[in-house]
Amino acid sequence: MEVIHKIGRRKTAVARVYVGQGKGNITINKKDLNDYFTTGPLVFKVMQPLNMTGNEESFDIKVNVYGGGITGQAEAIRLAISRAMVELDADNRAVLKPEGLMTRDPRMVERKKFGQKKARKKFQFSKR
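About the criteria used
- Residues numbered from 1 in each chain as written.
- Predicted model: local features only at pLDDT ≥ 70, side-chain atom pairs only at ≥ 80, totals over all residues.
- Heavy atoms only, no water.
- Helix = DSSP H or I, 4+ residues; strand = E, 2+ residues; numbered from the N terminus.
- Expected span 1.5 Å × (residues − 1).
- Bend = angle between axes of the 7 residues up to and from the residue.
- Buried < 20%, exposed > 50% of the residue type's maximum accessible area, 1.4 Å probe, protein only.
- Contact = heavy atoms within 4.5 Å.
- Salt bridge = Lys/Arg side-chain N within 4 Å of Asp/Glu carboxyl O.

Visitor: How do you make sense of helix α2 (residues 40-53) when you look at a structure like this?
Guide: Each α-helix turn comprises 3.6 residues. Residues three or four places apart therefore point the same way. Compared with an ideal rise of 1.5 Å per residue, which puts 14 residues at 20 Å, α2 spans 20 Å between its outermost C-alpha atoms and is within 8% of the ideal. The largest bend in α2 is about 50 degrees, located at M47, with the proline P49 one to four residues further on. Taken as a whole, α2 has its buried residues at L42, V43, V46, M47, Q48, P49, L50 and T53. For α2, the elements touching its buried residues are β3 (26-28), α1 (33-36), β5 (59-66), α3 (70-88) and α4 (92-96). Immediately downstream of α2, the backbone of G54 shows phi near 75 degrees, a positive value.

Visitor: Explain the pattern of salt bridges to me, please; I cannot follow it from the model alone.
Guide: Pairs can form between side chains of opposite charge once their charged atoms are near each other. Throughout the structure, instances matching the rule amount to 7 salt bridges. A salt bridge links K6 to E87; its shortest N-O distance comes to 2.7 Å. Of the two residues, K6 sits in strand β1 (residues 4-10) while E87 sits in helix α3, which places them 81 residues apart along the sequence. Note on E87: relative accessible area 46%, which makes it partly exposed. The partner of E110 in a salt bridge is R120, with the nearest N and O atoms 3.0 Å apart. Of this pair, E110 sits in the segment after α4 while R120 sits in the segment after α4, and the two are 10 residues apart along the sequence. By relative accessible area, which is 63% here, R120 ends up exposed. Linked by salt bridges that have partners in common, R10, K45, E75, D105 and R107 make up one network.

Take a look at the structure:
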């Protein structure tokens, strides 16, 4: 099997995932998964497509991720791994799609407008 390359995005985070045969090692930016994501929920998000398809210890995964915060990065990695699992076996799509793992979350941060405090918040008007 050759290496499969997929991209996942979330907010401003971009993850490039390389999936190849192996023993289940996940390396993110040259660090181990548990060293990069120190909290349980983030590790769960990254492992979710592998757990659902039963491929926890079948593939070695190398990830390059940049931009955004740690939650956005974890969800970008999850999307990229989900796309790779579907390319490996089209039957995996029926498992991942109902859980929403195949959908790119389109929500982005709204830009700040001039003359305002934030994107929607206005400066307080004081009548004296």
